[in-house]
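Summary of the model geometry
Spelled out, the chains give:
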Amino acid sequence: MSPQPQAAVGAPLSRVDGRLKVTGKALYAAEFDVEGAVHAVVVDASIARGRITSIDTRDAEQHPGVLRVISHRNAPKLPYRDNSGSNNPPGRRLRVFQDDRVLFHGQPVAVVVATTLEAAQHGASLVEVEYEAEQPSTDLHEGKPGEPAAYARGDADAGLRDAAVRLDLTYQLARNHHNPMEPHATIARWDGNKLTVWDKTQWVMGTHDEIAAVFDLPADAVRVINPFVGGGFGSGLRCWPHTIVAALAARETKRPVKLVLSRRQMYFGTGFRPSYEYRLRLGSDRRGRLSAAIHEIDAETSSYETFTEGVMAPGQMLYSMPHVSQAYRQVPLDVNTPIWMRGPGFASASFVIESAMDELAHRLDLDPIELRRRNEPSEDEAKNLPFSTRRLRECYTVGAREFGWDRRNPRPRSTRDGNWLIGLGMAAGVYDPGRFPAQARARLDADGTAVVEAATTDMGPGTYTSQTQVAADALGLTMRTVTFRLGDSLYPQTGPHGGSSTMASVGSAVVDACDQVRKQAIELAIEDRESPLYGVDADDVVVRGGRLHVSGNPARGETYRSLLARHDRSHLEARGTYAGPPTPERNSYHAYNATFAEVAVDATLGLVRVRRMLGVYDAGRIISPKLAESQAFGGIVGGIGTALLEHTVTDHHDGRIVNANLADYLVPVNADVPEVRAIYLDGEDNAGNALGVKGLGEVVQVGVAAAIGNAVFNATGRRVRELPITAEALL
């Protein structure tokens, strides 16, 4: 078959939804004008563990405008049926307003519904709750770990014992919160026994399935709508309690209910990147060839659910070594449940592994890039599979050349700019992009325009644009004649919008649907005696700009519009599918990067300033260079936050988060990010999916914190093994 011309894919196009966003016409979850909507405000628990002994709602109920106060005393018992396959573990959810137990500080204990937001807010302040408090366990270092998840190959203890060079390092990684610009919000409306929910979510179908499970509704009785997301970073990858509260309040008041979390409530109303204590023992010979590694990992989770992420994977396959042992233990605490955050697991592990590699390079007097080259594996030693592609060596080469790595003085504290100590550091990164089953529907209308639909979301990477690019080329249309719709559970089902999965999964389904429609049109034409394409081999027909023609002979052809008009067809339509990765896997499928950082550290005050950063990525085919660059910049900025600023602080006496606001929880601003550059290696990964993409939303943050930490060491000679790196640690 002649290859379909690619005019949109690979072009640096602006966002198709950009004008809607900058003019304020893009509607987010809380902005839909639902007739008759009233407002709800959650009352949060002021203890982290114990029982509610009384709730006095009289003053709140008498406040003008308050319609209802709901708590475990008067809420109906909800079915909470098994939702296996949904986005929450069956039987282990937080069951809001179902009993008097308090499991974490900030848990919803009541909700006030009122005609105005102000009345609901004041009504919530009037609810008096008394507790029988118990001493909470919220400190990772004092909790009791559960049984470990384990991995082993070879004999790590013996390998470490026999190693000529050994490191024994312990790292502390702070909890991080997502802090998207848009707070989480839900509007819920019942029409009889059918429920419509406008919700900030990164997983339309996951939220749909969870709501159906909690209220024991058939699938066709629930609709979830979410066309725009104002940032997510993983915070929207499950259905949180406030969504259930809004739906419950709407059912009880028989009014549509809008519930918007405050910035403070975002810190316990949704999840977070868990804190870690990570001990790594590493052994090598004197030439830097790794022989053994023992990873002991403790991570926080909630007492009522067990949250895990891929923190073990990088230690199994990033570098070649015969002996590896890992133990990953969850520490149940009286906190709300963590959730995936950009680069989940891999970003945390990379700080440990890549900091240790830099420390080993210094011990051996080796260039950090050369040490990594010496330990480059020929296959995935954890899975015994060949890599689909792995171009880390090229990432190192390109990055070193473009960043000026040869100007780095390997002797710490040797480069100055006035009172500033200057350092260069680098780190490798890896991520396993998700691939989930997905469906899409494509319709070509008689006027030559097309509509493509899928129930995915767009939290900012540009899903509207990239999927339009893919669809336009597959259909042979221009970008302006294709409309991509998303964010509605009535559309064909897709998986979560996270884990770098959307382009590979949804994009593959979109291509399949559009290919089918294009082939339907070609079949109509070659079988139609009135068509200029009559009798032509279907494999010789391509479509460009809405016109079917013989490959190599553009003059012989006709438009979609003329073809469908002649056949009196209002449209052509097809549903595309993507089955997910093959079973069993035939390749180890990962995206890679090399990240470089230059920092300046005030020699007197210990203040760290990032001067410039570069990321070089092996991420397969790049659908949209402009969007890809934006992804890299965002990931690097997030990594700067993890490395130098972000730290959720908990008062372990009562479980309260003391910096639950953007004044005290610090995130990078423009002044923190002076120069950032991204380079994507040309190429495709056709073993992973039909599009040849790897997904890049996560890998861009993996390794950033380590590169900065390694640069800080090069600048100061001080090795900091705790995140974030603070001025106090450098004085």
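The paragraphs below set out a description of the structure included in this document. (Residues numbered from 1 in each chain as written. Predicted model: local features only at pLDDT ≥ 70, side-chain atom pairs only at ≥ 80, totals over all residues. Heavy atoms only, no water.)

Some words on the overall build of the protein
Put simply, the rule is: Helix and strand labels come from DSSP, where a helix needs a run of H or I of at least four residues and a strand needs a run of E of at least two; each type is numbered from the N terminus. Within these notes, the globule rule equals 2.2 Å times the number of residues to the 0.38 power, and the radius of gyration is based on C-alpha atoms. Think of it in three bands: with a 1.4 Å probe and only protein chains considered, a residue is buried below 20% of the maximum accessible area for its type, exposed above 50%, and partly exposed in between. Throughout, a contact is declared for two residues whenever any of their heavy atoms are within 4.5 Å. Each accessible area is a Shrake-Rupley estimate made with a 1.4 Å probe; only the visible protein chains count as cover when residues are assessed. Positive charges come from Lys and Arg, negative ones from Asp and Glu, while His and the chain ends are left out of the count. Just so you know, the charge point we use is NZ for Lys, CZ for Arg, CG for Asp and CD for Glu.
Scanning the protein from N- to C-terminus turns up 17 helices and 30 strands. In terms of overall dimensions, the protein is globule-like: its C-alpha atoms have a radius of gyration of 27 Å, near the 27 Å expected for 731 residues. Along the three orthogonal principal directions, the C-alpha set of the protein runs to about 80 × 70 × 50 Å. Scored against the burial criterion, the 731 residues of the protein give a buried share of 62%. Across the protein, every contact between residues at least 6 apart in sequence was considered, and the portion connecting residues at least 24 apart equals 81%. Of the roughly 28,100 Å² of accessible surface on the protein, 48% is carried by carbon and sulfur atoms. In the protein, the 80 positive side-chain charges and the 89 negative ones have mean positions that sit 2 Å from each other.

Some words on the environment of valine 260
Along the polypeptide, valine 260 turns up in strand β12 (residues 257-260). You can call valine 260 partly exposed: its relative accessible area is 34%. Along the primary structure valine 260 and histidine 184 are separated by 76 residues, whereas in three dimensions their C-alpha atoms are 6.1 Å apart. Not counting the four nearest positions on each side in its chain, valine 260 is found in contact with Ala30, Ala40, Pro183, His184, Ala185 and Gln265.

Examining the side chain of arginine 435
Our working rule: N or O atoms within 3.5 Å of each other form a polar contact, as long as, within protein, one can give a hydrogen and the other can take it, and as long as residues adjacent in sequence are counted only when both atoms are side-chain atoms.
Within the secondary structure, arginine 435 sits in the loop between β17 (420-431) and β18 (438-445). In this structure arginine 435 comes out as buried when scored by relative accessible area, which is 10%. Within the structure, the side chain of arginine 435 is placed 2.9 Å from the side chain of glutamate 585, a separation counted as a polar contact.

Looking at the side chain of aspartate 139
This is how it is decided: Any carboxyl oxygen of Asp or Glu that lies within 4 Å of a side-chain nitrogen of Lys or Arg is treated as forming a salt bridge with it.
Checked against the element boundaries, aspartate 139 lands in the loop between β6 (128-133) and β7 (149-153). Salt bridges are absent for the buried aspartate 139, whose nearest opposite-charge side chain, arginine 175, sits at 9.8 Å.

Quick look at the packing of helix α9 (residues 346-364) against helix α16 (residues 704-716)
The cut-off we apply is this: Every axis in this analysis is a line fitted to C-alpha atoms, fitted for helices over the stretch in contact. Angles between the N-to-C directions lie between 0 and 180 degrees. Here roughly perpendicular refers to angles of 65 to 115 degrees, roughly parallel to angles under 35, roughly antiparallel to angles over 145, and oblique to all remaining angles. Each crossing is labelled by how the near helix is turned from the far one, with a counterclockwise turn of less than a right angle marking it left-handed and a clockwise turn marking it right-handed. Side-chain classes follow a simple rule in which Ala, Val, Leu, Ile, Met, Phe, Trp, Tyr, Cys and Pro form the nonpolar group, Asp, Glu, Lys and Arg form the charged group, and the remainder, Gly included, forms the polar group.
Interaxial distance between α9 and α16 falls to 8 Å at its minimum, and their mutual angle equals 30°. When the interaxial angle is binned, α9 and α16 end up roughly parallel. Where α9 crosses over α16, the handedness of that crossing is right-handed. Contacts between α9 and α16 pair Ser350, Phe351, Glu354, Ser355, Asp358 and His362 from the former with Ala705, Ala706, Asn710 and Phe713 from the latter. Grouping the amino acids of the contact of α9 with α16 by side-chain chemistry returns four nonpolar, four polar and two charged.

Notes on the sheet that holds strand β19 (residues 450-453)
Worth spelling out the cut-off: When DSSP finds at least two bridges between two strands, those strands are taken to pair.
The sheet built from four strands is open, its strands ordered β20-β19-β18-β24 with mixed pairing. Strands at the two margins of the open sheet, each flanked by one partner only, are β20 (482-485) and β24 (571-578). The mean inter-strand angle of the sheet, taken between neighbouring strand axes irrespective of direction, is 15°. With eight bridges joining them, β18 and β24 adopt antiparallel strand pairing. Note that in β24 the partner of leucine 444 across the bridge is leucine 572. Where helix α12 (residues 463-475) meets the sheet, it contacts β19 and β20, and its direction lies at approximately 135° from that of β20. Against the sheet, helix α13 (residues 502-526) contacts β18, β19, β20 and β24, and its axis sits at roughly 145° relative to β24.

A few points about unusual backbone geometry
In this chain, threonine 583 is followed by proline 584 through a cis amide linkage whose omega measures -5°. Here the bond from leucine 723 into proline 724 is cis, since omega is 0°, no more than 30 degrees from zero. Relative to the helices and strands, proline 724 resides in the loop between β30 (722-723) and α17 (727-730). We note that aspartate 365 has phi near 60°; this positive angle belongs to a residue other than glycine. Tracing the sequence through the fold places aspartate 365 in the loop between α9 and α10 (368-374). Even without a glycine there, the phi angle at serine 500 is positive, about 55°. When you line up the elements, serine 500 lands in the loop between β20 and α13.

Side note on the pattern of salt bridges
Taken as a whole, this structure holds 40 salt bridges when the rule is applied. Salt-bridge contacts for aspartate 334 lead to arginine 49; the nearest nitrogen and oxygen are separated by 3.2 Å. Taken together, the residues aspartate 334 in the loop between β15 (323-333) and α9 and arginine 49 in the loop between β1 (38-44) and β2 (50-56) connect sequence positions 285 residues apart. Taking relative accessible area as the criterion, aspartate 334 reaches 5% and is therefore assigned buried. For the salt bridge of arginine 391 with glutamate 394, the shortest nitrogen-to-oxygen distance reads 3.0 Å.

Points about the environment of glutamate 629
With respect to the helices and strands, glutamate 629 occurs in helix α15 (residues 625-644). Accessibility expressed as a relative area gives 37% for glutamate 629, which makes it partly exposed. In the structure, glutamate 629 is positioned 548 residues away from arginine 81 in sequence and 43 Å away in space, judged by C-alpha atoms.

A few points about the sheet that holds strand β14 (residues 290-302)
Taken together, the six strands give an open sheet; going across it, the order is β7-β15-β14-β13-β8-β30, and neighbouring strands pair in mixed fashion. Each edge of the open sheet carries a strand with a single partner, namely β7 and β30. Relative to β30, strand β8 (residues 165-173) is paired through two bridges, and the arrangement is parallel. Directly across from leucine 173, in β30, lies its bridge partner leucine 723.

Digging into the nonpolar core
Stated precisely, the cut-off is as follows: Definition of nonpolar core: a set of buried residues of the types Ala, Val, Leu, Ile, Met, Phe, Trp, Tyr and Cys, connected through side-chain atoms within 4.5 Å.
Counting residues in each nonpolar core, the largest one holds 94 residues, and the members touching the most others are Leu282, Tyr319, Val599, Tyr680 and Ile708. For this core, the element with the most residues is α9, which contributes 11 residues. If near-sequence neighbours (up to four positions away) are discounted, tyrosine 319 is found in contact with Arg153, Leu290, Ile353, Glu354, Met357, Arg372, Asn375, Pro377, Glu381, Tyr396 and Ala428. Formed by 54 residues, the second largest nonpolar core is a distinct cluster that contains Tyr464, Cys514, Val517 and Leu548.

Bear in mind that shape data such as this cannot, by itself, settle questions of function.
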